[in-house]
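# Architecture at a glance
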Amino acid sequence: MSRIGKLSIAVPAGVSVEFNNKVVTVKGPKGTLTREVKGAIDVKNEDGHVHVLALDEAKETNALHGLYRALINDMVKGVSEGFTKGLEIKGVGWRAVKQGNKLVLNVGFSHPVEFVEPAGIKLECPTQTELTVSGIDKALVGQVAADLRAIRVPEPYHGYGIRYKGENVEHKEGKTSGKGKK
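Residues numbered from 1 in each chain as written. Predicted model: local features only at pLDDT ≥ 70, side-chain atom pairs only at ≥ 80, totals over all residues. Heavy atoms only, no water.

This part is about the overall build of the chain. The helix and strand inventory of the chain stands at three helices and 13 strands. For the chain, whose C-alpha radius of gyration is 22 Å, the value lies well above the compact-globule estimate of 16 Å for 182 residues. Projected onto the principal axes, the alpha-carbon positions of the chain cover approximately 75 × 50 × 25 Å. Here the chain holds 182 residues, and the buried ones make up 33% of them. Here the contacts in the chain between residues at least 6 apart in sequence split such that 50% fall between residues at least 24 apart. The distance from the centre of the 27 positive side-chain charges to the centre of the 21 negative ones in the chain is 9 Å. (Helix = DSSP H or I, 4+ residues; strand = E, 2+ residues; numbered from the N terminus. Rg over C-alpha atoms; globule rule 2.2 N^0.38 Å. Buried < 20%, exposed > 50% of the residue type's maximum accessible area, 1.4 Å probe, protein only. Contact = heavy atoms within 4.5 Å. Lys, Arg positive; Asp, Glu negative; His and termini not counted. Charge placed at Lys NZ, Arg CZ, Asp CG, Glu CD.)

Structure (structure tokens):
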């Protein structure tokens with residue numbers, strides 16, 4: 001039995017969890033999320049707690065047991081609190097500006113890069129060198145943040161690029177000239 005799957009999920013006030021026809025629907029103040037549940041997994045909602053149950057002892061079911069418990073927990077947290085991911089832009093003259101539903105990035109290319117805000121995601125620019133990705137779907141927030149970072153991955157010599165807040169980029173030593181050696 002999965003150690004993570006055994007744990008119950010506390011449902012905060014204002015959030016409802018329903019399980020019908022192998023589909024989990026979580027509704028809350030920030031929105032609604034749905035997910036299909038595969039395998040021999042059952043979801044019970046009792047006394048303000050959600051319990052994810054494995055219906056057999058197969059190895060695959062054991063793995064899915066912990067997975068679906070974690071996914072449903074993230075759904076409950078997403079519709080009640082939401083998720084955010086911060087990014088920083090490092091580079092001389094590099095900046096980001098929000099224009100409508102587009103994010104315009106000037107990050108060292110010969111042209112500005114436009115990134116369209118996907119549905120369910122909110123992009124913000126508190127300053128010209130900071131970005132905030134927020135939404136209710138944890139996987140989508142992480143994917144959009146990774147897509148933004150991939151536009152200009154931090155390079156190891158000066159550290160220029162788009163990085164996650166708090167990310168440590170290891171610097172490499174530059175080339176030596178080799179002059180004076182014989």
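Having put the structure on the table, let's press on.
This part takes up the sheet that holds strand 1 (residues 9–10). Taken together, the three strands give an open sheet; going across it, the order is 1-6-5, and neighbouring strands pair in antiparallel fashion. Each of the sheet's edge strands pairs with one partner strand only, and the pair in question is strand 1 and strand 5 (41–46). Helix 2 (residues 59–80) rests against strand 1, strand 5 and strand 6 (49–54) of the sheet, and its axis sits at about 160° to strand 6. (Pairing = 2+ DSSP bridges. Axes fitted to C-alpha atoms, helices over the stretch in contact; angles between N-to-C directions.)

Moving on, we get to helix 2. Taking 1.5 Å of rise per residue, the 22 residues of helix 2 would be expected to cover 32 Å, and the 33 Å separating its terminal C-alpha atoms lies within 8% of that figure. All of the buried residues in helix 2 are Thr61, Leu64, His65, Gly66, Tyr68, Arg69, Ile72, Met75, Val76, Gly78 and Val79. Following helix 2 by one or two positions, glycine 82 adopts a phi angle in the positive range, close to 90°. (Expected span 1.5 Å × (residues − 1).)

Here glycine 166 shows up in the segment after strand 13 (161–164). In this structure, the C-alpha to C-alpha distance between glycine 166 and glutamate 88, residues 78 residues apart in sequence, is 8.7 Å.

A full pass over the atoms with the stated rule returns one aromatic pair. For the ring pair tryptophan 94 and tyrosine 160, a centre distance of 5.9 Å and an interplane angle of 55° mean the geometry is tilted. One end of the pair, tryptophan 94, is in the loop between strand 7 (83–90) and strand 8 (95–99); the other, tyrosine 160, is in the loop between helix 3 (138–151) and strand 13, and 66 residues separate them in sequence. Lying across the ring of tyrosine 164, lysine 85 places its NZ or CZ 5.1 Å from the centre. (Phe/Tyr/Trp six-rings, centres within 6.5 Å; stacked < 30°, edge-to-face > 60°. Lys NZ or Arg CZ within 6 Å of the ring centre and 35° of its normal.)

We now examine the pairing of strand 5. With six bridges joining them, strand 5 and strand 6 adopt antiparallel strand pairing. Bridge pairing in strand 6 places glutamate 46 opposite histidine 49. Remark: two residues form the turn of the hairpin made by strand 5 and strand 6, two consecutive strands paired antiparallel; aspartate 47 in that turn has positive phi of roughly 50°.

Let's shift gears to unusual backbone geometry. One non-glycine residue, asparagine 21, lies in positive phi territory at about 50°. Despite not being glycine, lysine 22 shows a phi value in the positive range, around 65°. Examined against the element boundaries, lysine 22 turns out to sit in the loop between strand 2 (16–20) and strand 3 (23–28).

Another point: the sheet that holds strand 11 (residues 121–124). Paired through backbone hydrogen bonds, the strands of a sheet run either parallel or antiparallel to each other. Spatial ordering of the open sheet is given by 11-12-7-13, a layout of four strands whose pairing is antiparallel. Bordering the open sheet on either side are strand 11 and strand 13, each of which pairs with just one other strand. For this sheet the average axis-to-axis angle between neighbouring strands, irrespective of direction, equals 25°. In this sheet, strand 12 (residues 130–135) lies alongside strand 7 in antiparallel orientation, the contact comprising six bridges. Bridged to glycine 86 within strand 12 is threonine 132.

Let us now look at the pattern of salt bridges. In total, this model carries seven salt bridges according to the counting rule given. The salt bridge involving glutamate 114 is made with lysine 102; its shortest N-O contact spans 3.3 Å. With glutamate 114 in strand 10 (residues 113–116) and lysine 102 in strand 9 (residues 102–106), this residue pair connects regions lying twelve residues apart in the sequence. As a salt-bridge pair, lysine 122 and glutamate 124 come within 3.2 Å of each other at their nearest N and O atoms. Judged by relative accessible area, which is 33%, glutamate 124 ranks as partly exposed. (Salt bridge = Lys/Arg side-chain N within 4 Å of Asp/Glu carboxyl O.)

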